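# Chains, contacts and geometry: an overview
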Amino acid sequence: MFIAELPLAVVPVFINAGAALLPAILGALASVLALVLKPKLLYQAICKRPWVPLVALVLGGVIFFAVGQFTKPPAASVGKSRETSGVGNTDWSKVALEIIRQEGRSRTAPSIPLTQPPIVAQGTPPALVASDGLPVIYRMNAQRSGFAGGTAPRNLVPLWEYTEPSTMYLSSPVVHGNAVYGASCFIDPPATIGAIFKLDATTGQLLWQQDVRIPETQEGFTGFFSSPAITADGKSLIIGQGLHLDVGAELICLDTETGAIRWLVKTPIHIESSPAIEGDIVVVGAGSVEIGPDKKPQGDPAGRGHPGYVFAVRISDGKELWRYQVNDPESSPAIKDGIAYIGSGVNGNAVLALRIAPEEELAAKGLDRLVWRTETPFPAVGAVTLTDDLVLIGCGKGDFVFSAPDPEGVVMALDQKTGEVRWKTPLPDTVLASIAVKDGKAIIPVRNGEVMALDAKSGKVLWRQEKLEDRISGNSPILSGPAFSDGAIFAVSSNGYLAVIDPSNGAIVEKHYLNAPDRPGELGLCSSSPFVARGTLFIGTETGGLRAYTSGANP
């Protein structure tokens, strides 16, 4: 919420021009007062718009002097008019209008606030990440490896840190070229505020930040959980908007060079799903809002009664191509050869394969949108992983906030063509994040705090961290997907510990605390997944900003 969004106060209108502007002036002061009553929001507003306090002071002065002039008694001397008194010759309407014009100019200025310079690099800067002509999606690719090539960093040391006051980074960063793209979330209950940004991968310098979705009204984005995807040509960033209780969210496309909004596609609900791209089509899920013990979508005018749907948009012009109803598709889809695979969450319990072609193309070929649908024993909210001819997905009873009283989970492998279950491996708790696959090994993040390895072809358990002392942080849940690079696995616990894990046996060889030392993660929402590119690891945190780590000297 920004100052310009707050409603103007309603006050009587006086007869002269200066007094006629008092409603707007008092309304602006009311907006400032509203911010004062929400100190976190005020702090962020001042950081993003330093002219706000100055405008408030000037308006205060205008009100003080204007009210004095409007309420003073008539002059005693008949021969001394207001125009010649030396006190009443200020045209307050011009003053107020100039303030409004200044505010209008500030609204059209680029939104590029550098809130905090990056920390001095202690390690080796990353090399340029070469583009292979493919889009970069959540966890890099459909194998969800979170690995863009190069040497895996070891003996991690901080390279830089980018942060804004009281802001969380729940979304996972992606790297394309020599830039890092991310999204943020500032919570001021019941509202959330979000921003999308681009950083220099070498220094952490802010290149642009977009937090305004409607320039005319300065209406901003809500918080982000969805992670960005970059098109194959590197020119467009696409991301979903909203947290779980948000409604009226949008799928957003930005120009990667400038941060300018290319298009917005509105939904009646929210998009926590991260987009998948093939060619000129992006596919994503719009999830439902379940409230109450029955976890049913609530029926109210704001859209909470909507069960959810999967939809596709043409990237070049932002035209929505189709919608297909799927209950609570919070899962992040993966696309291969024109087929999108996505999980159905609460009230759905399934995995679906959907053709992504436009309606008219399917009609011409006599094809249905649905290729197959396979039931799962629990809500399937994790990201879909594709490996060889298999679809991998985790599911279970718990969610991102609450563990089930009787926790249980499963990883399933389905045939990509038919949806037939190839194998199913039971787990001690649910899998909420992405499964990373590399060299035939599937790395599983489990809500009970374990990281496990399965054989991707058979589902056989290769190793697990069964003992509490062998895990990243005891039974602190793993809410983010691991990165699986050459020779190392990188995983994060919800309370803010990053671990480097030996992929041969699951042993933790390094561990680092991510959250700010003076602000430990109170909510346990370290859900951002690490991204490894050219010897550097990028990760968002709950209280420690978005960070980059690189290799340090051998101990």
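Anything mentioned here points back to the structure above.
Scope of this entry: the structure provided in the associated data block.

What counts, and where the lines are drawn
- Residues numbered from 1 in each chain as written.
- Predicted model: local features only at pLDDT ≥ 70, side-chain atom pairs only at ≥ 80, totals over all residues.
- Heavy atoms only, no water.
- Helix = DSSP H or I, 4+ residues; strand = E, 2+ residues; numbered from the N terminus.
- Buried < 20%, exposed > 50% of the residue type's maximum accessible area, 1.4 Å probe, protein only.
- Contact = heavy atoms within 4.5 Å.
- Areas by Shrake-Rupley, 256 points an atom, 1.4 Å probe, with all protein chains shown as cover.
- Pairing = 2+ DSSP bridges.
- Axes fitted to C-alpha atoms, helices over the stretch in contact; angles between N-to-C directions.
- Phe/Tyr/Trp six-rings, centres within 6.5 Å; stacked < 30°, edge-to-face > 60°.
- Core = buried A, V, L, I, M, F, W, Y, C linked by side-chain atoms within 4.5 Å.
- Lys, Arg positive; Asp, Glu negative; His and termini not counted.
- Salt bridge = Lys/Arg side-chain N within 4 Å of Asp/Glu carboxyl O.
- Polar contact = N/O pair within 3.5 Å; in protein donor to acceptor, adjacent residues only side chain to side chain.

### Concerning the overall build of the chain
- Of regular secondary structure, the chain possesses six helices and 36 strands.
- Sorting the 555 residues of the chain into buried and exposed places 55% on the buried side.
- Considering only contacts in the chain between residues 6 or more positions apart, those separated by 24 or more positions represent 58%.
- When the accessible surface of the chain is split by element, carbon and sulfur atoms take 58% of a total near 22,700 Å².

### Focus on the pairing of strand β11 (residues 261–266)
- As paired elements, strand β10 (residues 250–255) and β11 share five bridges and run antiparallel to each other. Counted as the bridge partner of I252 is L264 from β11.
- Counted between consecutive antiparallel strands, the loop separating β10 from β11 contains five residues, among which G259 sits at a positive phi close to 85°.

### Section: the pairing of strand β17 (residues 319–325)
- Note that strand β16 (residues 309–314) and β17 share six bridges and pair antiparallel. Its bridge partner being in β17, A312 is matched across the sheet by W322.
- Remark: four residues form the turn of the hairpin made by β16 and β17, two consecutive strands paired antiparallel; G318 in that turn has positive phi of roughly 75°.

### Concerning the sheet that holds strand β21 (residues 370–375)
- Taken together, four strands build an open sheet; the order of strands is β18-β19-β20-β21 and the sheet is antiparallel. The sheet is open, and its two edges are formed by β18 (334–336) and β21, each paired on a single side. When the angles between neighbouring strand axes are averaged without regard to direction, this sheet yields 20°.
- As defined by bridge partners, strand β19 (residues 339–344) adjoins strand β20 (residues 350–355) across six bridges and the pair is classed as antiparallel. Paired with A340 across the strands is L354, a residue of β20.

### Let's talk about the packing of aromatic side chains
- Enumeration according to the criterion identifies nine aromatic pairs in this entry.
- Seen from their ring centres, Y497 and Y513 are 4.9 Å apart, and the 55° between their planes marks the pair as tilted. Of this pair, Y497 sits in strand β32 (residues 497–501) while Y513 is found in strand β33 (residues 508–513), placing the two residues 16 residues apart along the sequence.
- Here Y497 falls in the partly exposed class, since its relative accessible area comes to 29%.
- You can call Y513 partly exposed: its relative accessible area is 30%.

### With respect to the nonpolar core
- One finds W160, V180, I196, L199, F531 and F538 to be the most contacted residues of the largest nonpolar core, which totals 31 residues.
- Element by element, the count of residues in this core is highest for strand β3 (residues 179–188), at four residues.

### Some thoughts on the environment of L206
- Relative to the assigned elements, L206 resides in strand β5 (residues 206–210).
- A relative accessible area of 6% places L206 in the buried class.
- Between the C-alpha atoms of L206 and Y162, which are 44 residues apart in sequence, the distance is 8.0 Å.

### A word on the sheet that holds β16
- The strand order across the open sheet built from four strands is β12-β13-β16-β17, with neighbouring strands paired in antiparallel fashion. Every other strand in the sheet has two partners, leaving β12 (276–278) and β17 as the edge strands with one partner each. On average, adjacent strands in this sheet sit at an angle of 20° to one another, irrespective of strand direction.
- Strand direction decides the pairing type here: β12 and strand β13 (residues 281–286), joined by three bridges, are antiparallel. Across the sheet, I277 pairs through a bridge with V282, a residue of β13.

### With respect to the side chain of R144
- Its place among the elements puts R144 in the loop between α5 (92–108) and β1 (156–162).
- The buried charged residue R144 lacks any salt bridge, with E278 as its nearest oppositely charged partner at 12 Å.
- A distance of 2.7 Å separates the side chain of R144 from the backbone oxygen of V384, its partner in a polar contact.

### Structural notes on the environment of T425
- Within the secondary structure layout, T425 lies in strand β25 (residues 421–427).
- What makes T425 buried here is its relative accessible area of 7%.
- In the structure, T425 is positioned 33 residues away from S458 in sequence and 9.2 Å away in space, judged by C-alpha atoms.
- Once residues lying within four places of it in the same chain are set aside, the contact partners of T425 are G409, V410, V411, L454, G459 and V461.
- Looking at T425, its side chain comes within polar contact range of the main-chain oxygen of G459, at 2.7 Å.

### Things to note about the pattern of salt bridges
- This structure, assessed with the given rule, holds 18 salt bridges.
- Across the pair K397 and E408 runs a salt bridge whose closest N-O atoms are separated by 3.3 Å. With K397 in the loop between β23 (390–396) and β24 (409–415) and E408 in the loop between β23 and β24, this residue pair connects regions lying eleven residues apart in the sequence.
- Judged by its relative accessible area of 30%, K397 is partly exposed.
- Among the salt bridges present, the one from R471 reaches E450, with a minimum N-O distance of 3.8 Å. Remark: E450 occurs in the loop between β27 (441–445) and β28 (451–455) and R471 occurs in the loop between β29 (461–464) and β30 (483–485); sequence separation between them is 21 residues.

### Re unusual backbone geometry
- One non-glycine residue, M140, lies in the positive phi region at around 85°.
- Position of M140 relative to the elements: it lies in the loop between α5 and β1.
- Judged by its relative accessible area of 14%, M140 falls in the buried class.
- With a phi angle near 50°, N349 is a residue other than glycine that sits in the positive phi range.

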